Amino acid sequence: MKNKFFSFIGKPVERVDATAKVRGEAFYGDDLIFPGMVYARAVRNPRPRIEIKKISDKKAREITGYLGVVTYKDIKGVNAWPVVMKDYPFLPEKEARFHSETVALAVAETLSAAKKAASLIEISYKELPFIDDPLKALEKNSLKIYGKDNIFSSYTIKKGNAIKALKECDFVVEGEFKTNYQVHCYLETQTATAVPEKDGSLTVYSSTQCPFYVLDAVSAATGLPNNRIKVIQTVTGGGFGGKEDVPALVASHAAICAMKFERPVRLAYDRKEDFMSMSKRHPSWAKVSYGADKNGKLKACVVDYVLDGGAYSTLSPIVLWRGAVHAAGPYKIENVFIEAKAVATNKVPCGAYRGFGQPQICFAQESLIDDLADKIGMDPIEFRLKNILKTKDETATGQKLDSSCGIKELIEIVRDRSKWIKNTPTSIGDKKRALGFSCTYYGVGLGAGGRYLDRAGAFVNIYKDGSVKVDVGNTEMGQGALTVLSQIAAETLNASMENIRISEVDTSKVPDSGPTVASRTTLMSGNAIIEACAPLRERIFLTAADMLKTSGQKMFAYGGYFYFKDRKVSFSEVIRECWGRRLKMSEQGWYVAPKTSFQKENGQGDAYVIYSYSADVADVEVDVKTGEVQVKKIYAAYDVGRLINPKLAQAQGHGGILQGMGWALYENLVIKNGIMLNPNFTDYVLPISTDAPEYDISFKEKLYKYGPYKAKGMGEVPLIGVAPAIRNAIKKACKAKINSAPMTPEIVLEKIGEEI
Ligand code: MTE
Ligand code: MOS
């Protein structure tokens, strides 16, 4: 079907949740009030690593309204949070492993009493030696804080013989790269409320991307079976990966408190607590080598990639895997050797952040590829075009790209739009300006790294009045999922947009649909909705044809109406007739992603079902006197398959670019001797609207045959290539090669100094 025949797909439909959010009518986690509700407040580890001797609430008992303290002894289930591995206790028993880890919780009638009580609860402890540097943690004689080698997880990807091939290359470059944390800075901090019900079951309200992770964790912590817990996602004020793992911990804490005191319990973090204890983008270290022959053909790539996992593993294994799989970049290379490790340190545990482990390695790899082009004396875009992955080529894991690969076109689009050909640095006074390039690919969904989770359910229920309720298991967190999924449902049923209602997830209504991560929602939940709608569509269309007396001739269905000759019936009229005929008006959909063949043992095989692509040109101005970098304009092009909603896709581009820019230039979390020094919006600098560059965003819709209306995934890809494009532009403008992020003015100045 062509775009013009779609009623809603490909149209800039307004966000279905816009009005409620703009008017302040949306209920976020901390807006909900329950009769008899009390408040919990975390008591946190005061040092980087301690042995807990005793917890005393003697002084807290003086506080009016104080109800009591909750420790690991109150856990009715098992004291192990089920994430990927089970090394993170809900509450520590003998040892707390990072500064600000929740050790106990104070519960009181009011928030202020809970805060006061928490500050008076005393932890007696013995301080233990700690590690804060992942590279030191890897040294042979290092202090061991996890297993026998401090390694949470490791991967090797090997194709050909890269070490040997590198030696035979005419041009070789090698570089060491470092990136820092990135804090999600979602506007709504972590918030959960656990409400004990009269029948002994529990309802949990959680600001989360992954309601089913919350379900699993609360079930483990309380010992209640899944069917006695209902997790309801509250309207979520941003996630960006930061509400993937940790809401399960926060909700479990609220649930343990609620079970103990048999009262509804609210646990909402303030900004400082959120900064200090919630997962972040992993700091990374990478050593990369690339080699090419004299014609500029890439021959070998060797990568050593290390992620600083923090004190517990949480999502590190998955984040690491994604980085490892993509580490050689979107190029055709015969010889690849990638080694990747996620390492334990006594710092805040790291998890997912938009891009999921890929921006870090992409910064290294896309910077070094640019340096290799310089060394060969080729234009960086020409060099990339010569080596770029095309349909039928194989990735580093030997995955043959059989369709929907638009990266070459994307490169050409941004090259042309940015007038790259004229990319010679200009200078006015102390300000030097130039363009920089990068391109990336992104495996949509969890792929082989989480293949058992790549499925999703949907339940579609059409009421007699024609209104439609769709329940899905993936969440809205700002990205526009409710709108995009409503468009898919409306299109498939030929309902009008107004007839469709999708709301936040309730785990008692849909089967476990996996996490809302890895830009998988449109693809997975979209397909599940189509599957549920398909039999309904058939019944509705047959009934409409009957009503219009088409006698087997073709009718026309568009925008919630059915047409035949001069006759017309609306979706709601047809639904009334369907009910009159006692037709089944509800269906379940269940979508399972195609198989992936990647094997951990040899690091080869199909890693993901499909890839999205991006290309970026950054137009950057450097003040060589102050080291300040201003991003003037970003030219970006994306291939995310069919655009379900072009307006929302543009918005995802804007947000992703700005976050990528923040990580590249400004955001600098400082942890010294295991303690975070700037856990607030004053000292942790984020880009704001006035820092935003001009955006020039284009799309190339390379259709994906198994996608819903042939869409892929959009949410993360805009962030990934921004930092290296900026880095390469700074290099072009003033010759400073900066191999670490953030590229703060101090660092830029230092590097400019080295060049002079
Ligand atoms: N956009 C907004 N406004 N808010 C968010 O929290 N999260 C990002 C991205 N875009 C996010 C966002 C991340 S980390 C992911 S994985 C995807 O959206 C998830 O959405 P999708 O699965 O619908 O693509
Ligand atoms: Mo996104 S980091 O996959 O939640």
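Engineer: How do you make sense of empty space enclosed by the protein when you look at a structure like this?
Structural biologist: Once rolled over the atoms, a probe with the size of a water molecule shows which space is left empty. Taken as a whole and assessed by the stated rule, the structure comprises five cavities of 30 Å³ or more. What lines the largest cavity is simply Phe98, His99, Ser100, Met276, Asn346, Lys347, Val348, Ile671, Gly674, Ile675 and Met676. Among the residues forming the lining of the largest cavity, the class breakdown is six nonpolar, four polar and one charged. For the lining of the largest cavity, the two domains that each supply at least three residues are domain 2 (32-129 + 184-277) and domain 3 (284-448 + 598-751). The volume enclosed by the second largest cavity comes to roughly 60 Å³. Lining the second largest cavity are Arg44, Tyr88, Phe90, Phe98, Ser100, Glu101, Thr102, Leu249, His253, Tyr269, Ser277 and Met278. Partitioned by chemical class, the residues of the lining of the second largest cavity number six nonpolar, four polar and two charged.

Engineer: What should I look at first to understand the site of ligand 1 in this one?
Structural biologist: Neighbouring ligand 1 are 16 residues; Gly239, Phe240, Gln479, Thr521 and Gln652 lie closest to it. Between an oxygen atom of ligand 1 and a side-chain N or O atom of Gln479, the distance comes to 3.0 Å. With the chains in place, 92% of the 530 Å² that ligand 1 exposes on its own is no longer accessible. Split by residue class, the shell around ligand 1 holds four nonpolar, nine polar and three charged.

Engineer: Help me understand the side chain of Gln233 in this model?
Structural biologist: In this structure, Gln233 sits in strand β11 (residues 229-233). At 2.9 Å, the side chain of Gln233 and the backbone oxygen of Glu476 are in polar contact.

Engineer: Looking at this structure, how should I read the layout of surface pockets?
Structural biologist: In this model, the second largest pocket occupies a volume close to 580 Å³. Around the second largest pocket sit 24 residues that line it, and Lys178, Thr179, Asn180, Pro283 and Lys347 are the ones nearest its centre. Looking at the lining of the second largest pocket, the elements that each hand over two or more residues are α3 (134-137), β8 (171-179), β13 (284-292), β14 (298-310), β27 (671-672) and β30 (740-741). Residues that form the lining of the second largest pocket fall into these classes: 12 nonpolar, six polar and six charged.

Engineer: So what exactly am I meant to see when it comes to helix α10 (residues 380-387) here?
Structural biologist: One full turn of an α-helix is made of 3.6 residues, so residues set three or four places apart face in the same direction. Where burial is concerned, most of α10 is hidden: six out of the eight residues are buried. Here α10 has its buried residues at Pro380, Ile381, Phe383, Arg384, Leu385 and Asn387. Packed against the buried residues of α10 are β14, α9 (358-376), α11 (407-417), β17 (431-443) and α17 (722-734). Put simply, Asp379 is the residue that caps the front of α10, since its side-chain oxygen is 3.0 Å from the backbone nitrogen of Ile381.

Engineer: Teacher, can you tell me more about α11 here?
Structural biologist: Among the residues making up α11, those that are buried are Ile407, Leu410, Ile411 and Val414. For α11, the angular spread of the buried residues around the axis is 100°, confining them to a single face. For α11, the secondary structure elements touched by its buried residues are α10, β17, β25 (611-623) and β26 (629-639). In the segment just after α11, Lys419 is the residue with positive phi, at about 55°.

Engineer: Honestly, the sheet that holds strand β5 (residues 102-108) in this entry has me stumped. Any pointers?
Structural biologist: Strand-to-strand pairing in sheets goes through backbone hydrogen bonds, with the strands running parallel or antiparallel. The strand order across the open sheet formed by seven strands is β3-β5-β1-β12-β9-β10-β11, and the pairing between neighbours is mixed. Strands with a single pairing partner mark the edges of an open sheet, and in this sheet they are β3 (66-70) and β11. Recorded for the sheet is a direction-independent mean angle of 20° between the axes of neighbouring strands. As paired strands, strand β1 (residues 38-44) and strand β12 (residues 265-268) are joined by two bridges and run parallel to one another. Residue pairing in the sheet places Tyr39 in a bridge with Arg266 of β12. Where helix α5 (residues 211-222) meets the sheet, it contacts β10 (202-206) and β11, and its direction lies at approximately 145° from that of β11. Contacts from helix α6 (residues 246-261) reach β1, β3, β5, β9 (191-196), β10 and β12, with the element oriented near 125° to β3.

Engineer: Honestly, the sheet that holds strand β2 (residues 50-56) in this entry has me stumped. Any pointers?
Structural biologist: Spatial ordering of the open sheet is given by β4-β2-β6, a layout of three strands whose pairing is antiparallel. Of all the strands in the sheet, just β4 (95-96) and β6 (122-127) have a single pairing partner and so form its edges. Bridge count for β2 against β4 is two bridges, and the pairing is antiparallel. Each bridged residue has a counterpart across the sheet, and for Ile50 the counterpart in β4 is Ala96.

Reading guide: rules and limits
- Residues numbered from 1 in each chain as written.
- Chains lettered and ligands numbered in written order.
- Predicted model: local features only at pLDDT ≥ 70, side-chain atom pairs only at ≥ 80, totals over all residues.
- Heavy atoms only, no water.
- 1 Å grid on protein atoms, 1.4 Å probe; cavity = no way out; pocket = protein on both sides within 12 Å on 5 of 7 lines; lining within 4 Å.
- Points joined across faces, edges and corners; volume = space filled by probe spheres on them.
- Nonpolar A, V, L, I, M, F, W, Y, C, P; charged D, E, K, R; others polar.
- Domains from an automatic or database assignment.
- Near = heavy atom within 4 Å.
- Polar contact = N/O pair within 3.5 Å; in protein donor to acceptor, adjacent residues only side chain to side chain.
- Areas by Shrake-Rupley, 256 points an atom, 1.4 Å probe, with all protein chains shown as cover.
- Helix = DSSP H or I, 4+ residues; strand = E, 2+ residues; numbered from the N terminus.
- Buried < 20%, exposed > 50% of the residue type's maximum accessible area, 1.4 Å probe, protein only.
- Contact = heavy atoms within 4.5 Å.
- Arc of directions from axis to C-beta.
- Pairing = 2+ DSSP bridges.
- Axes fitted to C-alpha atoms, helices over the stretch in contact; angles between N-to-C directions.

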